[in-house]
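Fold and geometry: a report
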Amino acid sequence: MRRGTLWAAALMLSWALGLAGSPAISASAANRAHTDPAGTPSDPPDALFWLTVSARDGNVQSQETLAVKHYFGDGVPPNYAEAVRWVRLAADAGAPLAKAYFSDVPLDGRGVRSTIEVLRWLRLGASKGNPHAQERLGIKLYLGDGVRQDPEEAARTLLPAAERGLARAQHYLGRMYARGEGAQQDSQRALNWLTRAAEQDCTEAQLELGSMYAQGRGEPAGDEEAVRWLRRAAARNNDPAKALLWAMAEAGRALPESPHDGRDWLRAAAGAGNPAAQRRYGDLWLRREGLPVHLSEYGCFRMAAFWYWQSARQGDAAAQAALARMYLKGMGMDSDPGEALVWASLAAGGGHLDADDLIKASRENLEGTSVEAARKKAEKLRRHLPGTSIVAGTGLPNLEPQASP
């Protein structure tokens, strides 16, 4: 039998004999029940038993700790009403932390919690060493979420939670070391904390770790580690990881395991705003390659036009030419040689080889005044490219996906 368990059994016997009735003895029991003489955690039921005994005997430190346990569900089911009861008792008895954090906060005990109250619980929990409170408070301090942004305090708050093995705390601490936010930039420490979080399947840490290795900031350096961690994040449906894998694949640094993976990476990169990926994704829709078969040809053309437009408005000449071709042929939209001429003119400015033929074909279906209007419109758009502020007033149709007529 472990020494911690023997200690708890002896204290239970002393309680039965009436020897543990004083706050001092029960408080000592609560403290000893948390750790055995070797310093390792004792049986949680014993710890909670003696903590409760000490709190009932009026020990304000135990009352604060018990309130935190009930609030965060640490060793007991979360119970807001019990948390409020114990923190009120502690504050009324003059416990410094409970009094400081809750003397001016109305507590109704029914779970109606304001942002201020939540932050007070986080601060109380962090002060009492609760790792979940430290993690949540540290993240809020880092992001400035409901509190004044303070990266240095965030790093100090997150460290003990990270050391206790909480993955999100490890992730944010690793990010801070990687970026030099709240702590001196240290790639090795960043990799250490990010790896510990990533091994617990923290998707954000896997993405950040893969990104660091892809940038050559890891030891051992190389694409193998980058791809390994990015694949793990992608397997958990993390689109930024998929987008980065697509960019690496385009550079010959990663290889999709299947055509489906390649299309999924491409979709994610297009959704992330990569103009080359958007154009290539438009190509897939145009060819109806590996995409939902239930969509009509018209619906696929609309999707192709939508992605070409997303890419074209960022200045991609090939996408501009493809969009001009769709306007000219009426693919997924009414034929409009004026709009075809606009986008063909922009493609010509980008040096696309097919642009002159598209311009010629568009002009054949237009009168002189329409040609001049298209030229002016193309000039206006050119002043805004690349960018995203050209949607209003361009005369583009609504290219959001819609059902076939």
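Thresholds, definitions, all that
- Residues numbered from 1 in each chain as written.
- Predicted model: local features only at pLDDT ≥ 70, side-chain atom pairs only at ≥ 80, totals over all residues.
- Heavy atoms only, no water.
- Helix = DSSP H or I, 4+ residues; strand = E, 2+ residues; numbered from the N terminus.
- Buried < 20%, exposed > 50% of the residue type's maximum accessible area, 1.4 Å probe, protein only.
- Contact = heavy atoms within 4.5 Å.
- Areas by Shrake-Rupley, 256 points an atom, 1.4 Å probe, with all protein chains shown as cover.
- Axes fitted to C-alpha atoms, helices over the stretch in contact; angles between N-to-C directions.
- Parallel < 35°, antiparallel > 145°, perpendicular 65-115°, else oblique.
- Left-handed = near helix turned anticlockwise from the far one by under 90°.
- Nonpolar A, V, L, I, M, F, W, Y, C, P; charged D, E, K, R; others polar.
- pLDDT = per-residue confidence, 0-100.
- Expected span 1.5 Å × (residues − 1).
- Polar contact = N/O pair within 3.5 Å; in protein donor to acceptor, adjacent residues only side chain to side chain.
- Salt bridge = Lys/Arg side-chain N within 4 Å of Asp/Glu carboxyl O.
- Phe/Tyr/Trp six-rings, centres within 6.5 Å; stacked < 30°, edge-to-face > 60°.
- Lys NZ or Arg CZ within 6 Å of the ring centre and 35° of its normal.
- Core = buried A, V, L, I, M, F, W, Y, C linked by side-chain atoms within 4.5 Å.

With that settled, the discussion passes to the overall build of the protein. Summing up its helical and strand segments, the protein has 21 helices and zero strands in all. A total of 405 residues make up the protein; the buried ones form 45% of that total. Of the contacts formed within the protein by residues at least 6 apart in sequence, a portion of 53% connects residues at least 24 apart. As presented, the protein carries roughly 20000 Å² of accessible surface, and 51% of it is formed by carbon and sulfur atoms.

Turning to the packing of helix H17 (residues 297–312) against helix H18 (residues 317–329), a few remarks are in order. Running from N to C, H17 and H18 point in directions that differ by 140°, and their axes come no closer than 8 Å. Judged by the angle between their axes, H17 and H18 are oblique. Of the two possible hands of crossing, H17 and H18 adopt the one that is left-handed. Residues Phe301, Ala304, Ala305, Tyr308, Trp309, Ser311 and Ala312 of H17 pack against Ala319, Gln320, Ala322, Leu323 and Met326 of H18. In terms of residue class, the contact of H17 with H18 is made up of ten nonpolar, two polar and no charged.

Moving on: the packing of helix H8 (residues 131–143) against helix H10 (residues 167–179). For the pair H8 and H10, interaxial distance at closest approach is 9 Å and the crossing angle is 30°. As for how H8 packs across H10, the hand of that crossing is left-handed. Facing H8, whose interface residues are Glu135, Ile139, Tyr142 and Leu143, H10 presents Ala167, Arg168, Ala169, Tyr172, Arg175, Met176 and Arg179. Looking at the contact of H8 with H10 residue by residue, the class counts come to seven nonpolar, no polar and four charged.

Here we take up the confidence of the model for the protein. The share of residues in the protein with pLDDT of 70 or more is 81%, and the mean pLDDT across the chain is 84. In this model residues 1–25 is a low-confidence stretch, pLDDT under 50, and it forms 32 contacts with partners more than four residues away in sequence or in other chains. Within the model, the stretch residues 32–43 combines pLDDT values under 50 with 23 contacts to residues more than four positions away or in other chains.

What follows is about helix H19 (residues 337–349). The terminal C-alpha atoms of H19, which comprises 13 residues, lie 18 Å apart, in line with the 18 Å expected from a rise of 1.5 Å per residue. Turning to H19, its buried residues number three or more, namely Pro337, Gly338, Glu339, Ala340, Leu341, Val342, Trp343, Ala344, Ser345, Leu346 and Ala347. Lining the buried residues of H19 we find H17, H18, helix H20 (355–363) and helix H21 (368–382). Looking at where H19 begins, the residue whose side-chain oxygen comes 3.1 Å from the main-chain nitrogen of Gly338 is Asp336. Downstream of H19 by one or two residues, Gly351 has phi in the positive range, about 80°.

Glancing now at the pattern of salt bridges. The full count for this structure, using the stated rule, is 26 salt bridges. The residue Glu208 makes a salt bridge to Arg175 at a minimum N-O spacing of 3.2 Å. With a gap of 33 residues between them, Glu208 in helix H12 (residues 203–214) and Arg175 in helix H10 connect regions that are remote in the sequence. Each member of the pair, Glu208 as well as Arg175, is classed as buried.

What follows concerns unusual backbone geometry. Residues other than glycine seldom take positive phi values, yet Asp201 does so here, at roughly 65°. In this fold, Asp201 is placed in the loop between helix H11 (187–198) and H12.

A few words now on the packing of aromatic side chains. By the definition in use, this model includes ten aromatic pairs. Look at Phe102 and Trp121: their rings are 4.7 Å apart centre to centre, the planes differ by 55°, and that puts the pair in the tilted class. Taken together, the residues Phe102 in helix H6 (residues 96–102) and Trp121 in helix H7 (residues 115–127) connect sequence positions 19 residues apart. Phe102 sits in the buried class, given a relative accessible area of 5%. Since its relative accessible area comes to 0%, Trp121 is described here as buried. Counting every residue linked through ring pairs, the aromatic cluster contains Tyr71, Phe72, Tyr80, Phe102 and Trp121. Cation over ring: Arg85 sits above Trp86, and NZ or CZ is 4.5 Å from the ring centre.

Counting residues in each nonpolar core, the largest one holds 114 residues, and the members touching the most others are Trp121 and Trp343. Top element by residues in this core is H17. It accounts for ten residues. Those residues within four positions of Trp121 in sequence are excluded, and the remaining contacts are Ala67, Tyr71, Phe72, Tyr80, Ala83, Val84, Val87 and Phe102.

With respect to the helices and strands, the residue Ala178 is situated in helix H10. Given the relative accessible area of 4%, Ala178 is considered buried. Remark: the alpha-carbon pair of Ala178 and Glu208, spanning 30 residues in sequence, is separated by 9.2 Å. Contacts of Ala178, omitting those with residues within four sequence positions, involve Gln185, Ala190, Met212 and Arg217.

Right, let's talk about the side chain of Gln320 for a bit. Tracing the backbone through its elements, the reader meets Gln320 in helix H18. Within polar-contact distance, the side chain of Gln320 engages the backbone nitrogen of Ala347 at 3.3 Å. Once residues within four sequence positions are removed from consideration, Gln320 is found in contact with Ala312, Gly315, Trp343, Leu346, Ala347 and Leu385.

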